[in-house]
Amino acid sequence: MEKSKVLIIGGTGHLGKRLVKASLSEEHETYVLHRPEIGVDIEKTEMLLNFKAQGAHLVKGSFNDYGSLVEAVKLVDVVICAISGVHLRSHHILLQLKLVDAIKEAGNVKRFLPSEFGTDPARMGDAMEPGRVSFDDKMVVRKAIEKAGIPFTYVSANCFAGYFLGGLCQPVKQLIPSTDSVALLGDGNQKAIYVSEDDIATYTIKTIDDPRTLNKTLYLRPPQNILSQREVVQIWEKLIGKELNKSSISKEEFLATMKGYLGKRLVKASLSEGHETYVLYRPEIGVDIEKIEMLLNFKAKGAHLVKGSFNDYGSLVEAVKLVDVVICAISGVHIRSHQILLQLKLVDAIKEAGNVKRFLPSEFGTDPARMENAMEPGRVTFDDKMVVRKAIEKAGIPFTYISANCFAGYFLGGLCQPAKQLIPSTDSVVLLGDGNKKAIYVSEDDIATYTIKTIDDPRTLNKTLYLRPPQNILSQREVVEIWEKLIGKELNKSSISKEEFLAIMKEQDYAEQVGLTHYYHVCYEGCLVNFEIGAEGEEATKLYPEIKYTNVEEFLKRYI
């Protein structure tokens, strides 16, 4: 039987590069999607050229160019997608809906293997928030595949060995097993399944021409690799000839380390302005007592709690029908979570309800429309927000976008450094470059106040509202000088060049790189202040001069 031609999307990623290698090893004619978005990422470019040297075909295509996806798909029999579905790296799962449409239009694909490769999402209907977003999004893609009548195989590879075994089954910051200690999760006796990433790739490629796995899920369960955390630790101890110091963490302690940052302020501001305020109560919060108490506190202050979930489209439609304005404040920050594309469901619900006079999607940072040249990997935040914007505008939904620039709690709390803590140092500071690039800092309470102020204002309808408090347009040096004046002490100063910053950034994990990319554009390029607001926007402090915003000095006083 002639071997299938294979297109691999995400071929430069953690699993993708292994899939390319395995496909070539099995002598499949192998195509790798070359996405122009990788720009000047030299490592990814060299990887693609290495694939080419080994016999793979590079085919240009992008999720931002639907026609290019269709043309790429027409070249092959099998499509395998390996874009990341892991939030600590990136989360692009719902982008595959474009790929589903392209495969359906092309009409020639004999099998599609979407990006899954972990826990079977069909068995995670009761998963907790916020982690369930990974499973929910994968199920959205599955349903689209099956609705389109596309032949498929889903691969459930369970635990990637590099992540789980490298950390001795602990959610740690490094992936080299400790030779000193380990924290057991619970009693450490729950079994899990660990599969090497190379083996995942090998089994995946093996299945693509096998009729036995057509329209089925392939589970990877190597018998010797079905082990508890204790058993994994025992194997490691035997290998290093040493017993580790063991502690344990109960499930209650573990869950306590996981908690709407801006959302609670928006509720407070809306009630304060006398709006009839509804808060979506998502049943997925389960027994999270802090969130339950927050909701009850909102209710006691006059807010209405309305049950709804991104997993229950009908409930979203019913919730939306109750109001005139919808504000979404789900997180778009990778260090917390990244759920921006979930709003596509909300866009559909608003369109179906037909009564909403204005929608304010979750933006509240840098204007994504001005970040088309942003670097990878941080540009994912802006790209996803633009996907949502285009969906809003295509649906004809009235909108206001809020560009609030730098959240003061994050930026001023770290003296404009991407620090590990958000309490300003009284000893030293690292200046980014010469520290003279201007940025704009806005207190989170003020962001909420301006946001609520704009919702009934015809001047901001179908425009972007930029928050630019004049006293808060400052350089890092100026912020530091204000802090020094407040504490009566001069800080020790060092600096880091943009080249050094980028080199350090590349050594971090994906989520950290996303955040650091944003710091780079703000602090080295001055992306927040390098343009004039045109006819498509308005400036908040000019529209609402009656609001007394918090200036930088007032904000920093809270840390003394």
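Residues numbered from 1 in each chain as written. Predicted model: local features only at pLDDT ≥ 70, side-chain atom pairs only at ≥ 80, totals over all residues. Heavy atoms only, no water.

Draft legend 1. Region of the structure containing the overall build of the protein chain. Looking only at helices and strands, the protein chain has 21 helices and 24 strands in total. Relative to its length of 560 residues, the protein chain is compact, with a C-alpha radius of gyration of 25 Å against a globular reference of 24 Å. Overall size of the protein chain, expressed as C-alpha extent along the three principal axes, is 75 × 60 × 50 Å. Relative to its 560 residues, the protein chain shows a buried fraction of 50%. Carbon and sulfur atoms make up 52% of the accessible area of the protein chain, which totals about 27,000 Å². Put simply, the protein chain has 70 plus and 74 minus side-chain charges, and the middle of one group is 2 Å from the middle of the other. (Helix = DSSP H or I, 4+ residues; strand = E, 2+ residues; numbered from the N terminus. Rg over C-alpha atoms; globule rule 2.2 N^0.38 Å. Buried < 20%, exposed > 50% of the residue type's maximum accessible area, 1.4 Å probe, protein only. Areas by Shrake-Rupley, 256 points an atom, 1.4 Å probe, with all protein chains shown as cover. Lys, Arg positive; Asp, Glu negative; His and termini not counted. Charge placed at Lys NZ, Arg CZ, Asp CG, Glu CD.)

Draft legend 2. Molecular detail of the pattern of salt bridges. According to the stated counting rule, one finds 29 salt bridges in the structure shown. Put simply, Lys453 and Glu273 hold a salt bridge, and the shortest N to O gap is 3.9 Å. You can see Lys453 sitting in helix 16 (residues 444-454) and its partner Glu273 sitting in the loop between helix 10 (263-272) and strand 13 (278-281), a full 180 residues away along the chain. Of the residues examined, Glu273 reaches a relative accessible area of 43% and is grouped as partly exposed. We note a salt bridge from Glu484 to Lys493, for which the minimum N-O separation is 2.7 Å. (Salt bridge = Lys/Arg side-chain N within 4 Å of Asp/Glu carboxyl O.)

Draft legend 3. Expanded view of the packing of aromatic side chains. With the rule as written, the count across this model stands at 9 aromatic pairs. Ring centres 4.2 Å apart and planes at 15° place the aromatic pair Phe399 and Tyr401 in the stacked group. Chaining the aromatic ring pairs together yields one cluster made of Phe411, Tyr441 and Tyr519. The ring of Tyr466 is capped by Arg468, whose NZ or CZ atom sits 5.9 Å from the centre of that ring. (Phe/Tyr/Trp six-rings, centres within 6.5 Å; stacked < 30°, edge-to-face > 60°. Lys NZ or Arg CZ within 6 Å of the ring centre and 35° of its normal.)

Draft legend 4. Representation of helix 5 (residues 132-147). For helix 5, which comprises 16 residues, the first-to-last C-alpha distance of 22 Å matches the rise-based estimate of 22 Å (1.5 Å per residue) to within 8%. Three or more residues of helix 5 are buried, namely Arg132, Val133, Ser134, Phe135, Asp136, Asp137, Lys138, Val141, Arg142 and Ile145. If you follow the buried residues of helix 5, they end up packed against helix 4 (96-106), strand 5 (111-113), strand 6 (153-156) and strand 10 (216-219). Looking one or two residues past helix 5, Gly149 carries a phi angle of roughly 70°, positive in sign. (Expected span 1.5 Å × (residues − 1). Contact = heavy atoms within 4.5 Å.)

Draft legend 5. Just unusual backbone geometry, in detail. Each neighbour pair has its own omega, and for Glu376 with Pro377 the value is 0°, a cis peptide bond. Along the polypeptide, Pro377 turns up in the loop between strand 16 (358-360) and helix 14 (379-394). The phi angle at Asn462 is positive, at roughly 60°, despite the residue not being glycine.

Draft legend 6. Here's a closer look at the packing of helix 1 (residues 16-25) against helix 7 (residues 197-207). Across the interface, helix 1 lies against helix 7 with an axial gap of 8 Å and an inter-helix angle of 50°. Comparing their axes, helix 7 and helix 1 come out oblique. For helix 1 against helix 7, the interelement crossing comes out right-handed. In this structure, helix 1 uses Arg18, Leu19, Ala22 and Ser23 to contact helix 7, whose residues at the interface are Glu197, Asp198, Ala201, Thr202, Thr204 and Ile205. In terms of residue class, the contact of helix 1 with helix 7 is made up of 4 nonpolar, 3 polar and 3 charged. (Axes fitted to C-alpha atoms, helices over the stretch in contact; angles between N-to-C directions. Parallel < 35°, antiparallel > 145°, perpendicular 65-115°, else oblique. Left-handed = near helix turned anticlockwise from the far one by under 90°. Nonpolar A, V, L, I, M, F, W, Y, C, P; charged D, E, K, R; others polar.)

Draft legend 7. Just the confidence of the model for the protein chain, in detail. When pLDDT is averaged along the protein chain, the result is 89, and 93% of the positions lie at 70 or above. Note that pLDDT drops below 50 for residues 255-259; the model gives that stretch 7 contacts with residues more than four away or on any other chain. (pLDDT = per-residue confidence, 0-100.)

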